[in-house]
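Listed here are the chains, written in short residue letters.
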Amino acid sequence: MDENGASTVSLPRQLRVGDIPAAFREIRARREEGPVTVDFRDVEEFDSSSLAFLSYLRGCAADVRVANVGPKLEASFEAFLGGTPAPSCEVPEPGFDVRVLHPLSDRFLDRMRRLGRFFVLLSDEIYHTGAYLKERKGVYPGEVWNQLFFMGYKSFPITCILIFIIGVTLALTSATQLKLYGADIYLADLIGYGMVRELVPLMAGVILAGKVGAAVAAELSTMSVLEEVDALKTMAVVPEKFLMVPRLIAMTLAVPLLVALADVVGITGGVIVGRMSLGILPSAFLREMKTAVDLGDFFIGLAKSVVFGWAIIVASGYKGLTVGRSAGEVGRATTDSVVLSVTLIILIDCVFALITY
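Definitions and cut-offs
Residues numbered from 1 in each chain as written. Predicted model: local features only at pLDDT ≥ 70, side-chain atom pairs only at ≥ 80, totals over all residues. Heavy atoms only, no water. Helix = DSSP H or I, 4+ residues; strand = E, 2+ residues; numbered from the N terminus. Rg over C-alpha atoms; globule rule 2.2 N^0.38 Å. Buried < 20%, exposed > 50% of the residue type's maximum accessible area, 1.4 Å probe, protein only. Contact = heavy atoms within 4.5 Å. Areas by Shrake-Rupley, 256 points an atom, 1.4 Å probe, with all protein chains shown as cover. Pairing = 2+ DSSP bridges. Axes fitted to C-alpha atoms, helices over the stretch in contact; angles between N-to-C directions. Patch = residues over 30% accessible without salt bridge, like charges linked within 9 Å, V, L, I, M, F, W, Y side chains within 5 Å. Salt bridge = Lys/Arg side-chain N within 4 Å of Asp/Glu carboxyl O. Lys, Arg positive; Asp, Glu negative; His and termini not counted. Core = buried A, V, L, I, M, F, W, Y, C linked by side-chain atoms within 4.5 Å. Phe/Tyr/Trp six-rings, centres within 6.5 Å; stacked < 30°, edge-to-face > 60°. Lys NZ or Arg CZ within 6 Å of the ring centre and 35° of its normal. Left-handed = near helix turned anticlockwise from the far one by under 90°. Nonpolar A, V, L, I, M, F, W, Y, C, P; charged D, E, K, R; others polar.

Asks: Outline the overall build of the chain, supporting the account with residue identities and numerical values.
Replies: Within the chain, the regular secondary structure consists of 13 helices and five strands. Compactness check: the chain gives a C-alpha radius of gyration of 27 Å against a globular reference of 21 Å for 357 residues, more than 25% above the reference. Over its C-alpha atoms, taken along the principal directions, the chain stretches across nearly 90 × 50 × 40 Å. Per-residue burial for the chain yields a buried fraction of 41% across its 357 residues. Across the chain, every contact between residues at least 6 apart in sequence was considered, and the portion connecting residues at least 24 apart equals 83%. With the model as given, the accessible surface of the chain reaches about 19200 Å², and the carbon-plus-sulfur share is 64%.

Right, here's the structure in full:
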């Protein structure tokens, strides 16, 4: 709310053709609550659709007040639209293309634009990481170790506790069924193969997405809102390298260690259940497990976990560096980063399954 009691719609720093429909939807929703003020304070990059949007608000939206139009946008508006007649405010009856095809196409183009930005960031991170490992420049000294401490050491307790509980739960639910058929010993095969190859990398990735990914997205989005990322650009520092490369390297080092320890913890849970529920000795359990699980399965699990870690960092960095300029956007970016990270983890796991099985 501003001083006149009107609800305020703040526009993003980049106001392009893909952002106009979302701005119209927000204005339409706020109109139901009362007067609306459209704030152009943050708009720095715009195109011709932004000028048309401003012209419509000034000429046709009598119940909408325009505020804080920057000098650059105002000069462009006067140069291109200042001498033109007022736009026609008559709204034609929308046809099928306007009601159905246009919203679908706008949504599709918006999704493709976001997907393109994600892959651009991914390619930038691959390049900057390789350049840093070769030149050892462009990253704050010691930041990799700080991130490794946070992502590895600080994540170890919660990861191992949850993986141990998962191992116990899987063993308990499987032991009942195996006991019916006298196949008690095959609990070792099920726990060993399932934990090492699938469950531990997948669950570790999901846990890190909620713990590490959310923290990275919140930190980077807060820096973006407070214009610290813009300050880095002003100092000729590449944010994608300075902020993301230490986190990517730390995640690459931390995730295999976490997964290897979590493998031991999860299998230990299965051993305990096998001894207490089915009377299987730990030595017999491990001996049987070796017949079903080999080093190849272990290394496949580690490889999957590394790719999961990369997906978490890139997804969190993407959401953090493309956030809007408001406190509410920080919360949404943090939540969206977790959702995107978990979605990518599941998709990547499906791809690994198609390739390896």
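Asks: Tell me about the sheet that holds strand β5 (residues 64-67), residues and numbers included.
Replies: One open sheet accounts for three strands, arranged β1-β3-β5; its pairing is parallel. Only two strands of the sheet have a single neighbouring strand rather than two, namely β1 (7-10) and β5. With direction set aside, neighbouring strand axes in the sheet form an average angle of 25°. Taken together, the four bridges between β1 and strand β3 (residues 36-39) define a ladder with parallel strand orientation.

Asks: Provide a residue-level description of a nonpolar patch on the surface, including the pertinent values.
Replies: Residues Ile-158, Ile-161, Leu-162, Phe-164, Ile-165, Ile-272 and Met-276 make up a contiguous nonpolar surface patch of about 630 Å² in total accessible area. For the nonpolar patch, the elements supplying multiple residues, two or more each, are α6 (156-180) and α10 (244-278). Mapped onto the fold, Met-276 is located in helix α10.

Asks: Can you break down the side chain of Lys-319 residue by residue, with the values?
Replies: Topologically, Lys-319 is positioned in helix α12 (residues 295-321). The buried charged residue Lys-319 lacks any salt bridge partner; its closest oppositely charged side chain belongs to Asp-336, at an N-O distance of 4.2 Å. Every residue in contact with Lys-319, bar those within four places of it in the chain, is listed here: Ala-333, Asp-336, Ser-337 and Leu-340.

Asks: Quick rundown of the pattern of salt bridges? Include the residues and the values.
Replies: The tally for this structure, following the rule as stated, stands at 13 salt bridges. Note that Glu-26 and Arg-30 form a salt bridge whose closest N and O atoms lie 3.2 Å from each other. Taken as a pair, Glu-26 and Arg-30 lie in helix α1 (residues 20-31) at a separation of four residues, close to a single helical turn. Note on Glu-26: relative accessible area 31%, which makes it partly exposed. Between Asp-349 and Lys-304 there is a salt bridge; the shortest N-O distance is 2.8 Å. With a gap of 45 residues between them, Asp-349 in helix α13 (residues 327-356) and Lys-304 in helix α12 connect regions that are remote in the sequence. Note on Asp-349: relative accessible area 12%, which makes it buried. By relative accessible area, which is 2% here, Lys-304 ends up buried. Among the charged side chains, a salt-bridge network with shared partners connects Arg-13, Arg-16, Glu-44 and Glu-45.

Asks: Explain the nonpolar core residue by residue, including any values.
Replies: Judged by nonpolar contacts, the single largest core of 56 residues is most densely connected at Met-151, Leu-187, Leu-208, Val-212, Met-251, Phe-285 and Ile-313. Ranked by size, the runner-up nonpolar core spans 19 residues in total, among them Ile-27, Phe-53, Leu-54 and Phe-77.

Asks: Lay out the packing of aromatic side chains in plain terms, naming residues and giving numbers.
Replies: The geometry of an aromatic ring pair is captured by two quantities: the separation of the ring centres and the angle between the planes. Within this structure, the stated rule accounts for seven aromatic pairs. With a centroid separation of 5.8 Å and an interplanar angle of 85°, the aromatic rings of Phe-118 and Tyr-318 are classed as edge-to-face. Of the two residues, Phe-118 is situated in helix α4 (residues 96-135) and Tyr-318 in helix α12; the sequence distance between them amounts to 200 residues. Like Tyr-318, Phe-118 is buried. Within the aromatic cluster, the residues linked to one another by ring pairs are Phe-24, Phe-40, Phe-53 and Tyr-56. Just above the ring of Phe-77 sits the side chain of Arg-58; from NZ or CZ to the centre is 4.9 Å.

Asks: Quick one: what's the story with the packing of α6 against α10, residue by residue and with numbers?
Replies: Running from amino to carboxyl end, α6 crosses α10 at an angle of 35°, the nearest separation of the two axes being 7 Å. Considering only the axes of α6 and α10, their crossing is right-handed. Across the interface between the two elements, Phe-156, Thr-159, Cys-160, Ile-163, Phe-164, Gly-167, Val-168, Ala-171, Leu-172, Ala-175 and Lys-179 of α6 pack against Leu-258, Leu-261, Ala-262, Val-265, Gly-266, Thr-268, Gly-269, Gly-270, Ile-272, Val-273, Ser-277 and Leu-278 of α10. Counted by class, the contact of α6 with α10 contains 15 nonpolar, seven polar and one charged residues.

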